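Residue-level listing of the chains:
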Amino acid sequence: MGGTEYSMTNKNIFDEVFPLDRQEGGSHYKEFKIQPYEFTRTNKLSFFQGNVVKYVCRYLNKNGIEDLKKIIHYCQMEIELMKKEKNVISNKRNNEK
């Protein structure tokens, strides 16, 4: 038939049904009551916000200073985007006068 075989002795039988109960590539999120992905989706956060949440949650247990630098980098990119958007709005208002 193909696909995944399931049996009562297969310990991974629920991995596809409960994906938030497992983690791919490490265990740096497993200690949290809610995974960063679930928190981000539940609170309808943006890509930027979700990445900051992710790196804040994992930096002590994964990449340390590298993850903190990623947080700073994402914040710097968001600041630049907000400045550009503010300038576009300001220019649009000035042109309407």
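As a reminder, the structure under discussion sits directly above these lines.
Residues numbered from 1 in each chain as written. Predicted model: local features only at pLDDT ≥ 70, side-chain atom pairs only at ≥ 80, totals over all residues. Heavy atoms only, no water.

1. Some words on the pattern of salt bridges
For the record, the criterion: The salt bridge criterion pairs a side-chain nitrogen of Lys or Arg with a carboxyl oxygen of Asp or Glu, the two atoms within 4 Å. A run of DSSP states H or I qualifies as a helix once it reaches four residues; a run of E qualifies as a strand once it reaches two. Both are numbered from the N-terminal end. Categorising residues by exposure relies on relative accessible area from a 1.4 Å probe, with only protein chains included: less than 20% of the type maximum marks a residue as buried, more than 50% marks it as exposed, and the intermediate range marks it as partly exposed.
For the structure shown, the criterion picks out three salt bridges. Salt-bridge contacts for Glu66 lead to Lys70; the nearest nitrogen and oxygen are separated by 3.5 Å. Of the two residues, Glu66 and Lys70 are both situated in helix H3 (residues 65-96); the distance of four residues between them amounts to about one turn of the helix. According to the relative accessible area criterion, Glu66 is partly exposed, its value standing at 45%. Taking the relative accessible area as the measure of exposure, Lys70 reaches 25% and is therefore partly exposed. In this structure, the salt-bridge partner of Lys83 is Glu80, at a minimum N-O distance of 3.7 Å. Placement of the pair is Lys83 and Glu80 together in helix H3, with a separation of three residues, close to one helical turn.

2. Some words on the packing of aromatic side chains
Rules: Put simply, two rings from Phe, Tyr or Trp (the six-membered ring, in Trp's case) pair if the centres are within 6.5 Å, and we call them stacked under 30 degrees between planes, edge-to-face over 60, tilted for the rest.
The tally for this structure, following the rule as stated, stands at two aromatic pairs. Judged by centre distance (6.3 Å) and plane angle (65°), the rings of Phe47 and Tyr74 are edge-to-face. Note that Phe47 is positioned in helix H2 (residues 47-58) and Tyr74 in helix H3, a separation of 27 residues in sequence. Among the aromatic side chains, those forming a connected cluster through ring pairs are Phe47, Tyr55 and Tyr74.

3. Re H2
The test is simple: For a helix, the expected span equals 1.5 Å multiplied by the number of residues minus one. Residues are treated as being in contact if the distance between any of their heavy atoms lies within 4.5 Å.
Taking 1.5 Å of rise per residue, the twelve residues of H2 would be expected to cover 16 Å, and the 17 Å separating its terminal C-alpha atoms lies within 8% of that figure. Phe48, Gly50, Asn51, Val52, Val53, Tyr55 and Arg58 are the residues of H2 that are buried. Against the buried residues of H2 lie helix H1 (36-42) and H3.

4. Remarks on H3
Over its 32 residues, H3 runs 47 Å from end to end, which matches the ideal 46 Å to within 8%, given 1.5 Å per residue. Of the positions making up H3, those classed as buried are Asp67, Ile71 and Tyr74. Contacts from the buried residues of H3 go to H2.

In short, shape yes, function no, at least from these values alone.
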